[in-house]
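Per-entry structural report
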Amino acid sequence: MRSYTAAVRDYPHTTPLKTGQHVPANCQVEFVEVEPIHKAFAPMVRELRYDFSELALATFLQAREAGKQISALPLVLHGNFHHRSISRLTTGPVGKPEDLAGQRVGVRSYTQTTGLWVRGVLAEEHGVNCDEITWVTTEGPHVAEYVEPANVERTSRSLVELTESGAVAAVLIGPKAIPEGAPLTPLIEGWPDAEKAFYQRHATVPINHLLTVRTDVLREDPAAVRGLYDAIAGEIDARGDAEPRKISHGLNDGLLDSVGLAIRYAAQQHLIKSEPSVAEIFADARQYLDLT
């Protein structure tokens, strides 16, 4: 039985495997601790450092376009709505999403998947032309071959510092990452209702991270890949998830529709040049794991 490496964050559905409580069939897995998990993404897409890796959906789409030998598995490790993930400076020039044209907005990386979903929401629900915004970033793309649009800048300052100083009018940052007392307020008013409306419209929850595998490992040892896939899927099923489901597995409509929507948003935002079909995204998984 071969041993493989995996870079996966601690979640309720992965911790039992990482602690050895749940041993996957047909393989031995050494879990590599990377914190925060997004620091595993560049080594995976640039060096194929791990056999399995949690990977942001936007990063995977770019890696696939760049010809990286990485295959996506239909297993969502992390997903959520992101209407709450953009905040404005309380006393700044922006009062609503429609005011963003011509403004500067901070985000960790232009290619960050949360940013993909937020920009998709801004365009779809508020008519915002995101090409008219200057995106001020603290990090570059994980995929080295990707060239950022001209309206993307880099800074050495922190996102919170940028907003507090007024250098940006809004910032894409998770609510939990906002320091207490920071002069920030949600840009999208009534965001809980907006999330419900998004789900009613699309019948899916935005995917952030999928489980991926080196294509050579999938091709040469599909039984091992299926063993890890089934183990995590089993943990997801054992815990359940209130509707709408934020994590899932299998080629179900909700998962496939989320990937399809992300592909469309990614093309609109110049993250990828062409739009692969969802069937193409999971062609390897279908072929080697006999998923239907």
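Below is a summary of the structure that appears in this document.

Any aromatic ring pair is given by two values, namely how distant the centres are and how the planes are angled relative to each other. This model, assessed by the stated rule, comprises 5 aromatic pairs. With a centroid separation of 6.2 Å and 90 degrees between ring planes, the pair formed by Tyr 4 and Phe 52 is classed as edge-to-face. Of this pair, Tyr 4 sits in strand S1 (residues 3-7) while Phe 52 sits in strand S3 (residues 52-56), and the two are 48 residues apart along the sequence. Here Tyr 4 matches Phe 52 in class, with each residue buried. With a centroid separation of 5.7 Å and an interplanar angle of 80 degrees, the aromatic rings of Trp 117 and Tyr 265 are classed as edge-to-face. In this pair, Trp 117 sits in helix H4 (residues 113-126) while Tyr 265 sits in helix H9 (residues 253-268), placing the two residues 148 residues apart along the sequence. In this structure, Trp 117 and Tyr 265 share a single accessibility class: buried. Each residue in the set Phe 81, Phe 198 and Tyr 199 is aromatic and connected to the rest through ring pairs, giving one cluster. The residue whose ring lies beneath Arg 119 is Trp 135, and the NZ or CZ to ring-centre distance is 5.2 Å.

Right, let's get into unusual backbone geometry. With omega at -5 degrees, the peptide bond leading from Glu 35 into Pro 36 counts as cis. With respect to the helices and strands, the residue Pro 36 is situated in the loop between strand S2 (28-31) and helix H2 (41-47). Here Ala 203, not a glycine, exhibits a phi torsion of approximately 55 degrees, which is positive. Its place among the elements puts Ala 203 in the loop between helix H6 (191-202) and strand S11 (207-214). Ala 203 sits in the partly exposed class, given a relative accessible area of 45%. Phi is positive for Asp 290, which is not a glycine, with a value near 55 degrees. Residue placement: Asp 290 occurs in the segment after helix H11 (283-289).

A few words on the side chain of His 209. Secondary-structure assignment places His 209 in strand S11. Setting aside residues up to four positions removed in sequence, His 209 forms contacts with Tyr 11, Ile 37, Phe 41, Glu 54, Leu 55, Ala 56, Leu 75, Val 76, Leu 77 and His 78.

Moving on to the sheet that holds strand S7 (residues 134-137). One open sheet accounts for 6 strands, arranged S8-S7-S6-S9-S5-S10; its pairing is mixed. In this open sheet, the two edge strands, each paired with only one partner strand, are strand S8 (152-154) and strand S10 (184-186). Taking the axes of each pair of neighbouring strands and ignoring which way they run, one obtains an average angle of 30 degrees across the sheet. As judged from the 3 bridges shared by strand S5 (residues 86-89) and strand S9 (residues 170-172), these two strands associate in the antiparallel manner.

Moving on to the environment of Phe 81. Among the secondary structure elements, Phe 81 is positioned in the loop between strand S4 (70-79) and S5. Here Phe 81 falls in the buried class, since its relative accessible area comes to 10%. Taking the C-alpha atoms as reference, Phe 81 lies 9.6 Å from Thr 204; in sequence the two are 123 residues apart.

What follows covers the sheet that holds S4. Read from one edge to the other, the open sheet built from 5 strands follows the order S2-S1-S3-S11-S4, with strand pairing classed as mixed. Each edge of the open sheet carries a strand with a single partner, namely S2 and S4. Averaged over all neighbouring strand pairs, the angle between strand axes comes to 30 degrees, with direction disregarded. Summarising the sheet, S3 and S11 pair through 5 bridges and their orientation is antiparallel.

Parameters and conventions
Residues numbered from 1 in each chain as written. Predicted model: local features only at pLDDT ≥ 70, side-chain atom pairs only at ≥ 80, totals over all residues. Heavy atoms only, no water. Phe/Tyr/Trp six-rings, centres within 6.5 Å; stacked < 30°, edge-to-face > 60°. Helix = DSSP H or I, 4+ residues; strand = E, 2+ residues; numbered from the N terminus. Buried < 20%, exposed > 50% of the residue type's maximum accessible area, 1.4 Å probe, protein only. Lys NZ or Arg CZ within 6 Å of the ring centre and 35° of its normal. Contact = heavy atoms within 4.5 Å. Pairing = 2+ DSSP bridges. Axes fitted to C-alpha atoms, helices over the stretch in contact; angles between N-to-C directions.

In short, geometric facts, not functional conclusions.
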